[in-house]
Amino acid sequence: MALSLKLNGETHTVDAEPGTPLLWVIRDELKLTGTKFGCGVASCGACTVHVNGEPVRSCQTYVEDLEDAEITTIEAIGDDKIGAAVQQAWVELDVVQCGYCQSGQVMSAVGLLSENPKPSAEEIDEYMWGNACRCATYQRIRAGVQRASEILEA
Amino acid sequence: MTINTSRRGFLKGAAAASAVLIVGARPDGALAAASSDGAQLNPFVKIDADGTVTAIVKHFEMGQGPATGLPTIIAEELGVTMDQIEYEFAPSDPQVYNNLLFGPFQGTGGSTAIANSWMQYRQAGAAAREMLINAAAQSWGVDPSGVTIEDGIITAGEKTAPIAEFVAAASQLEVPAEPRLKDPSEFRLIGNESVRRKDSAIKGNGQAKFAMDVHLPNQMVAMIKRPESRGGIALGFDDSASKEIKGYINAAILPNQAGVAVYAENTWAAIQARDMLEVEWDMSAAETRDSDQIKAEIKAALDAEPEFNVNQADVAAVTAAIDGADTVIEQSFYFPLLAHAPMEPLNCTIEQTAEGDIILHDGAQMPTGPHMAYQQIFQLPPENIQIKTMLAGGSFGRRATPDADYQVEAALAFVVTDRSRPVKLVWTREDDIRSGYYRPAFGHKARVGLDADGNIVGWQHQVAGQSIMKGTPFESFSVHDGVDHSSVEGIADSPYNIPGMALGLTDTPKATSVLWWRSVGHTHTGYVMEVMMDLAAKAAGRDPVEFRLSYLADGDDPDQSRKAGVLKLAAEKANWGNPAEGRAQGIAVHKSFGSYAAQVVEVSGDPESGIKIEKVTCAVDCGIAVNPDVVRAQMEGGIGYGIGHVMRGQITLTGGAVDQSNFPDYEPLRIGDIAAIDVHIVPSAEAPTGVGEPGTPPAAPALANAINTLSGVQIAAHPMTEDGISFV
């Protein structure tokens, strides 16, 4: 069925059945491949996008629930001040290794800094717990969030 | 796998590569030297008309850094900045782009990307520099010895020009066989902390393209319905329920009957349609054992005479020495099956061109594997098969199977179609956890005798587990006189000067498909060596650092002095012996893949209410650190990989079927599990050795030794939850 999705500031008409995870509409329909498939069960965070400014796991978010919602993916998060700061920090600190989880890490980090501009290490660990990184870049993710916080404060 | 980067070995490889370029490649234009777009000066260096240099990277990028490291080496010798150099992945060509340590085989593994490329890429960069210098010198009528290149600018006295100006002329010149290499004192980029990863920005903004991101026009997505346990044979299927799924196309039994391919217009349709598919299986030849049975087989092997006397020891003498010792420490260990679980589930895409060529889009760790397999499957000569290497979302060994498993599976799923549509094979996480290849289960039994002064008088060590290398094309590399070195590496070749060592090995029957897993045999051998050394030190009443150093005392043996060097550095940086109140430290040191790594883990808490990993301090000696921050990152990642799995990772089988299925029951390391990691690199003038794997082996034993010191609990089986350890 045809559905209307507001994503990255544009309205897209997509053909998807109810029950289709947002992840697959983003990746396979809209061909925005920055949002990643990692587990399909909301256990790794690689598919994190923002819905109305809040990070959600797009593999467990269904298209029929997104009417009137503002969806933002990694491709557009850099337009946001916090998103740009996180991406800058990620580059400064060379946070990434394989990089496959990092779109989700960035999206979650933006979510954290949006509600807590100066998180402690413990607060970062708690908030980012659900974003798995098999390369174990966690130490740099923690430092990256703190660096982004500094950038935003400056 | 032993790493050996001799200059002679390199020159031989480089000569072969250059010959192929000149003789084989230039006439047909494949690597044509010059065109209006620029020039390829040799197989590894391409320069565009605008002066942009492209390093042709023969190793795939799974996060370990060659897409930064190899361009760094080229840029250094060529005389350009890191901003002036880009990278692209090499095509599949085992004659030109082979791993010099693997023979005529292109592939990444054994932490060899920088080690085997070091001289080759330096020479490639230097050769390109010399060609540009000679072209400029000819044009300007000056002596080449007075011409330099720095930051992409060619200079001779008053004359300057960007390299772009002489690219075309340079490409007409012979590739010098022995270009002058920079003296390490001249290095500006190699070893420079300010050099950053080339792939950071695209991986932080979603632009990076992994194989999973391939969307070819008109492609189908294929998923494979596989049997519950390995060895099941598909006899037939009923797809009537699948037909209800919009986007479902059809299904077909794979030619080898190992599964049924389900084809759909998109990934979600494929997932659903596969779930709905009913398959009739013949399970008569399938694996039926439980993992407890595999464990029992390993234990029985440890209790029997070993199959191989690995180091030809006088076992009776060693046994007698231990029997007569003042103190005897005896401990058995068990290591379970482990999955690799890279973040990007396995996938690849195959298409056939109008001319009938086959193109594989893949995060290809060992392109030569699928390239050879495809020649058979498609009955095509090698030149009609192309492999386009994409970024890989991790591997840890999984993307390099000797039988090119998932690429072959994709080819089988493709050949049963009419080939008019590209086929993208996608694995889910459940496929990855349940249908994969695993770090083999291993058992060890070690007996160590100490004299009255606390010195080792005998060390009897038995290892049992499934050989990784036997029956694979890599057998000749690793198996000698029946002993698969990868089962005992880290013990048999330990730099420790241990008197009276007897090392036995028994191969246990095939339990499942096993595969190298980040640091291969060192995952278990390093653990046992370092836990036993710690137990021995403690039993002797000696400091664990001092005790180890006494077996690394030969200053004339670089193997011992370098291992001692990292041990001392890690101890110093961790303030060894002075943990904070309520904390305990544990240490381990291990050599693997030519590199030396020592780690101190500091823990607090207690096993019942939870151990907290407060800090890991690491020292590494990997020769020249080409990109120090990448080295640091690999240590951080290697530590996380080593610790994450021993905390709570294991694959178990019930009736031959894998019990785990996804991250909720194969729980990865999470951000809060290790509070801090601090890495120190030993300055070195030695040729670079590996960093992808050497950070992993010491991490788990250092943690175990810290927990033992803190609580007295001896960790003999993994995951540590099996020993009653919980973590916070």
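The rules behind the values
- Residues numbered from 1 in each chain as written.
- Chains lettered and ligands numbered in written order.
- Predicted model: local features only at pLDDT ≥ 70, side-chain atom pairs only at ≥ 80, totals over all residues.
- Helix = DSSP H or I, 4+ residues; strand = E, 2+ residues; numbered from the N terminus.
- Rg over C-alpha atoms; globule rule 2.2 N^0.38 Å.
- Buried ≥ 20, exposed ≤ 12 C-beta atoms within 10 Å, placed from the backbone.
- Contact = placed C-beta atoms within 7 Å.
- Expected span 1.5 Å × (residues − 1).
- Pairing = 2+ DSSP bridges.
- Axes fitted to C-alpha atoms, helices over the stretch in contact; angles between N-to-C directions.
- Nonpolar A, V, L, I, M, F, W, Y, C, P; charged D, E, K, R; others polar.
- pLDDT = per-residue confidence, 0-100.
- Parallel < 35°, antiparallel > 145°, perpendicular 65-115°, else oblique.
- Left-handed = near helix turned anticlockwise from the far one by under 90°.

### Details of the overall build of chain A
Piece 1. Helix and strand content of chain A: 6 helices and 5 strands.
Piece 2. From first element to last, N terminus to C terminus, chain A shows the α and β order β-β-α-β-β-β-α-α-α-α-α.
Piece 3. A globule of 154 residues ought to have a C-alpha radius of gyration of about 15 Å, and chain A, at 15 Å, matches this closely.
Piece 4. Based on the C-alpha atoms only, the size of chain A along its principal axes is roughly 45 × 30 × 20 Å.
Piece 5. Classification of the 154 residues of chain A by burial places 58% in the buried group.

### Side note on the overall build of chain B
Piece 1. Across its full length, chain B holds 18 helices and 32 strands.
Piece 2. Taken over C-alpha atoms, the radius of gyration comes to 27 Å for chain B, in line with the 27 Å a tight globule of 728 residues would show.
Piece 3. Dimensions of chain B, computed from C-alpha atoms along their principal axes, come out at roughly 80 × 75 × 50 Å.
Piece 4. Going through the 728 residues of chain B one by one, you find that 59% of them count as buried.
Piece 5. Long-range pairs, those at least 24 residues apart, make up 76% of the contacts in chain B between residues at least 6 apart in sequence.

### Considering helix 6 (residues 138–153) of chain A
Piece 1. If you check helix 6 of chain A, its first and last C-alpha atoms are 23 Å apart, about what 16 residues at 1.5 Å a residue would give, namely 22 Å.
Piece 2. Burial in helix 6 of chain A covers these residues: Y138, Q139, R140, I141, R142, G144, V145, A148 and S149 of chain A.
Piece 3. Against the buried residues of helix 6 of chain A lie helix 3 (81–92), helix 4 (102–115) and helix 5 (121–128) of chain A together with helix 17 (628–648) and strand 32 (677–681) of chain B.

### Thoughts on the sheet that holds strand 29 (residues 610–621) of chain B
Residues and elements named next belong to chain B.
Piece 1. What the 4 strands build is an open sheet, ordered 27-28-29-32; its pairing is mixed. Looking at which strands have only one partner, the edges of the open sheet turn out to be strand 27 (583–592) and strand 32. Going across the sheet, the axis of each strand differs from the next one's by a mean of 15°, ignoring polarity.
Piece 2. In the sheet, strand 27 pairs with strand 28 (residues 595–606) via 10 bridges, with the strands oriented antiparallel.

### With respect to the interface of chain B and chain A
Piece 1. Between chain B and chain A, the residue contacts involve 50 residues of the former and 44 residues of the latter.
Piece 2. Every element with two or more residues in the side of chain B that touches chain A is listed here: helix 5 (200–204), helix 6 (267–276) and helix 17 of chain B.
Piece 3. By residue number, the principal contributor to the side of chain B that touches chain A is helix 17 of chain B, which donates 7 residues.
Piece 4. When its residues are assigned to classes, the side of chain B that touches chain A shows 22 nonpolar, 17 polar and 11 charged.

### Here we look at helix 10 (residues 405–415) of chain B
All names here are of chain B.
Piece 1. Of all 11 residues in helix 10, 10 are buried, a share of seventy percent or more.
Piece 2. Residues of helix 10 that are buried include every one of D405, Y406, Q407, V408, E409, A410, A411, L412, A413 and F414, and no others.
Piece 3. Among the structural elements, strand 9 (220–225), strand 12 (260–264), strand 17 (347–352), strand 18 (358–362), helix 9 (368–378) and strand 20 (423–426) are those in contact with the buried residues of helix 10.

### Points about unusual backbone geometry
Piece 1. In this model, H718 of chain B is joined to P719 of chain B through a cis peptide bond whose omega is -5°.
Piece 2. In the Ramachandran plot, N8 of chain A falls in the positive-phi region, its phi being about 50° despite a non-glycine side chain.
Piece 3. Along the chain, N8 of chain A falls in the loop between strand 1 (2–7) and strand 2 (10–15).
Piece 4. Positive phi is not limited to glycine here, since D481 of chain B has a value of about 50°.
Piece 5. Residue placement: D481 of chain B occurs in the loop between strand 24 (479–480) and strand 25 (483–484).

### Thoughts on the environment of V483 of chain B
Residues and elements named next belong to chain B.
Piece 1. If you trace the backbone, V483 turns up in strand 25.
Piece 2. For the pair V483 and D507, spaced 24 residues apart in the sequence, the C-alpha separation amounts to 8.6 Å.
Piece 3. Those residues in contact with V483 that lie beyond four places of it in its chain are F308, V310, V488 and L505.

### What about the pairing of strand 22 (residues 442–450) of chain B?
All names here are of chain B.
Piece 1. Within strand 22, 9 of the 9 residues are buried, which leaves it mostly tucked inside the rest of the structure.
Piece 2. The alternating pattern of strand 22 places F442, H444, A446, V448 and L450 and G443, K445, R447 and G449 on opposite faces, both of which are buried.
Piece 3. Of the pairings in the sheet, the one linking strand 15 (residues 327–335) to strand 22 comprises 9 bridges and is antiparallel in character. Looking at the pairing, Y334 lines up with G443 of strand 22.
Piece 4. For strand 22 and strand 23 (residues 456–465), the ladder comprises 9 bridges, and the chain directions are antiparallel. The residue of strand 23 that forms the bridge with G443 is A464.
Piece 5. Connecting strand 22 to the antiparallel partner strand 23 that follows it, the hairpin turn spans 5 residues, and G454 within it adopts a positive phi of roughly 80°.

### Focus: the confidence of the model for chain B
Residue and element names in this part refer to chain B.
Piece 1. Here chain B shows a mean pLDDT of 93. Residues at 70 or above account for 95%.
Piece 2. Within the model, pLDDT remains below 50 along residues 1–36, and this stretch shows 57 contacts once partners closer than five positions in the same chain are excluded.
Piece 3. What the predictor reports for the complex is a pTM of 0.95 with an ipTM of 0.98.

### Focus on the sheet that holds strand 7 (residues 153–156) of chain B
Hydrogen bonds along the backbone pair up the strands of a sheet, which may run parallel or antiparallel.
Residues and elements named next belong to chain B.
Piece 1. Spatially, 3 strands are ordered 6-7-8 in an open sheet, and the strand pairing comes out antiparallel. Because the sheet does not close on itself, it has two edges, and the strands there are strand 6 (148–150) and strand 8 (159–162). Each neighbouring strand pair of the sheet contributes to a mean axis angle of 25°, computed without reference to strand direction.
Piece 2. The pairing of strand 7 with strand 8 spans 4 bridges and is classified as antiparallel. In the strand pairing of strand 8, T155 is matched with T160.
Piece 3. In the packing of helix 3 (residues 113–140) onto the sheet, contacts are made with strand 6, strand 7 and strand 8, and the angle to strand 7 comes to roughly 50°.

### Considering the pairing of strand 2 of chain A
Residue and element names in this part refer to chain A.
Piece 1. Of all the 6 residues making up strand 2, 0 are buried; the element is thus mostly uncovered.
Piece 2. Sheet topology places strand 1 next to strand 2; 6 bridges connect them, and they run antiparallel. Bridge pairing in strand 2 places L7 opposite E10.
Piece 3. The turn linking strand 1 back onto strand 2 is made up of 2 residues, and N8 within it adopts a positive phi angle of 50°.

### Topic: the packing of helix 3 of chain A against helix 6 of chain A
Residue and element names in this part refer to chain A.
Piece 1. Between helix 3 and helix 6, the least distance of the axes is 8 Å, while the angle of their chain directions is 125°. As the angle between them shows, helix 3 and helix 6 are arranged oblique. For the pair helix 3 and helix 6, the sense of crossing is right-handed. Here helix 3 contributes I82, A85, V86, Q88, A89, W90 and E92 to the contact with helix 6, which in turn contributes G144, R147, A148, I151 and L152.

### A few points about the environment of N98 of chain B
Residues and elements named next belong to chain B.
Piece 1. Inspection of the secondary structure puts N98 in the loop between strand 5 (85–89) and helix 3.
Piece 2. Along the primary structure N98 and T368 are separated by 270 residues, whereas in three dimensions their C-alpha atoms are 8.6 Å apart.
Piece 3. For N98, the residues in contact, after removing those within four places along its chain, are G103, P104, F105 and Q106.

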